[in-house]
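# Structural characterization, general
Letter by letter, the chains look like this.
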Amino acid sequence: MAQAPMVGMLTDFGLADGYVGVMKAVLLSIAPGVPIVDITHDIRPQDIEMGAWSLGIAWRYFPVGSVLLCVVDPGVGSARRAIALHAHDRYFVGPDNGLFTYPLLAAGGAETATECVRLDNVSFHLSRVSATFHGRDVFAPCAAHLAIGMEMAELGSPLSPASLVRLSIPLEPWREGDTWFGRVAHVDHYGNLISDIGPKLTRQALAAPEAFVEVAGHVVSARATHFSGGPSGQPFFLQDSSGALAIVMRDDSAAQTLSVRRGAQVILRGLEGSEEH
């Protein structure tokens, strides 16, 4: 039996204030009973890249027809566009600032959005729109209308998906000879360094006795299939839940121990003849 669509929420609002609760109240007043899932509200303030990465690993787990309502919006009130797009049989609602980079380019760089609109039909906004809270006044009501089956074209003017903003960051590793170069794409709550080196290369690295990783001048050759299987007191690499190669430590923060932040280069060596990433 097909799953009912959900509304997934991702913001940088945190939970100390009432912003998330107000957005949910708006959603439920228009779409009563719709299931709402909190992806996270702990994106660092104004950190679009962190929001994009978090959405990028989450959206596939929502059933077809779901609405992903995402607000990390340092440009709120400016000329940046408020949009809704349809891609992978799901809807994405939020600011056009790169937040939707990963679902847009999920098919190896191919254009995957089938439809996109600018949310400029004020009939579907709240009656009074604040210049500082489009999450409540524009995005939540538009997402709610999509959740109850409204055609996306009703919400605003059509846009070319090709015109949408993408983050100017590498989205996959590259190869020079038998060496692969990637980056730390995300540092999670535990201090795990999650790279952009994907599942195929990671599996090969775990199976190759000579493979090792370098990050910030540190050589990491130990590996494990799970956290408790790794060595104590030193970093090792494994395949994390998203499938990516991650550099981690047992009961400690690899990010703090190695003094590594997001964006640091990750070098994978010892995979002679590998063509996959």
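Attention in this report is confined to the structure presented alongside it.

Each value, and the rule that gives it
- Every chain is numbered on its own, with residues counted from 1 as its sequence reads.
- Whole-chain, interface and lining totals are the exception, using all residues; otherwise, since this is a predicted model, local features are given only for residues with pLDDT of at least 70 and side-chain atom pairs are given and counted only at 80 or more.
- Side-chain measures here rest on the full set of heavy atoms in the structure, leaving out hydrogens and waters.
- The way it works is that DSSP assigns letters per residue, a run of H or I at least four long becomes a helix, a run of E at least two long becomes a strand, and they are numbered from the N terminus.
- Radius of gyration: over C-alpha atoms. The globule rule applied is 2.2 Å multiplied by the number of residues raised to the 0.38 power.
- Burial classes follow relative accessibility: with a 1.4 Å probe on protein chains only, a residue under 20% of its type's maximum area counts as buried, one over 50% as exposed, and anything between as partly exposed.
- Residue contacts are defined here by distance: any two heavy atoms, one from each residue, within 4.5 Å place the two residues in contact.
- To measure how exposed things are, a 1.4 Å probe is used in the Shrake-Rupley method; for residues, cover is taken only from the protein chains shown.
- The charge count includes Lys and Arg as positive and Asp and Glu as negative, but it does not include His or the ends of the chains.
- Just so you know, the charge point we use is NZ for Lys, CZ for Arg, CG for Asp and CD for Glu.
- Buried Ala, Val, Leu, Ile, Met, Phe, Trp, Tyr and Cys residues form a nonpolar core when they are joined through side-chain atoms within 4.5 Å.
- For this document, the term salt bridge refers to a Lys or Arg side-chain nitrogen within 4 Å of an Asp or Glu carboxyl oxygen.
- Paired strands are those between which DSSP finds at least two bridges.

Moving on: the overall build of the protein. Looking only at helices and strands, the protein has 6 helices and 15 strands in total. Whereas a compact globule of 277 residues would reach a radius of gyration of roughly 19 Å, the protein reaches 20 Å, a difference of no more than 12%. Considering only C-alpha atoms, the protein reaches an extent of 60 × 45 × 40 Å along its principal axes. Looking at the protein as a whole, 51% of its 277 residues are labelled buried. Residue pairs at least 24 apart in sequence account for 69% of intrachain contacts in the protein once pairs closer than 6 positions are excluded. Accessible surface computed for the protein: about 12700 Å², of which carbon and sulfur atoms make up 52%. Considering the protein, the positive charge centre built from 19 side chains and the negative charge centre built from 28 side chains are found 2 Å apart.

Residue placement: His 186 occurs in strand β9 (residues 179–187). The residues contacting His 186, other than those within four sequence positions of it, are Met 50, Trp 53, Ser 54, Asn 192, Leu 193, Ile 194 and Arg 262.

Below, the discussion takes up the nonpolar core. Counting 34 residues, the largest nonpolar core has Leu 55, Leu 68, Cys 70, Ile 83, Leu 85, Phe 92 and Phe 100 as its most contacted members. Breaking this core down by element, the ones donating at least two residues are α2 (48–58), β3 (67–71), β4 (82–87), α3 (101–104), β13 (236–239) and β14 (245–248). Top element by residues in this core is α2. It accounts for 5 residues. The residues touching Leu 55, leaving out its near neighbours within four places in the chain, are Leu 10, Leu 68, Cys 70, Phe 92, Leu 99, Phe 100 and Pro 103. Counting residues in hydrophobic clusters, the runner-up holds 29 residues, among them Phe 13, Val 71, Phe 133 and Ala 144.

Once the charged atoms of two side chains with opposite charge are near each other, the side chains can pair. Tallied over the full model, the rule gives 9 salt bridges. We note a salt bridge from Arg 80 to Asp 73, for which the minimum N-O separation is 2.6 Å. The class for Arg 80 is buried, based on a relative accessible area of 14%. Two residues, Arg 81 and Asp 96, come together in a salt bridge whose shortest N-O distance is 2.8 Å. Here Arg 81, found in the loop between β3 and β4, pairs with Asp 96, found in the loop between β5 (90–95) and α3; they are 15 residues apart in sequence, far enough to count as distant. Residue classification places Arg 81 among the buried positions, given a relative accessible area of 17%. The structure contains a network of salt bridges with shared partners spanning Arg 44, Asp 47, Glu 49, Arg 183 and Arg 262.

The phi angle of most residues is negative, glycine excepted, and most peptide bonds adopt the trans form. At His 88, a position not held by glycine, the phi torsion is positive, near 55°. Position of His 88 among the secondary structure elements: in the loop between β4 and β5. Classification of His 88 by relative accessible area gives partly exposed; the value is 24%.

This part is about the pairing of β14. Residues Leu 245 and Ile 247 of β14 are buried on one face, and the alternating residues Ala 246 and Val 248, pointing to the opposite face, are buried as well. Strand direction decides the pairing type here: strand β10 (residues 193–195) and β14, joined by 2 bridges, are antiparallel. In the strand pairing of β14, Ile 194 is matched with Ala 246. With 4 bridges joining them, β13 and β14 adopt antiparallel strand pairing. The residue bridging Phe 236 from the neighbouring strand is Val 248, located in β14. The turn joining β13 and β14, which pair antiparallel and follow one another in sequence, is formed by 5 residues; a positive phi near 100° is taken by Gly 243.

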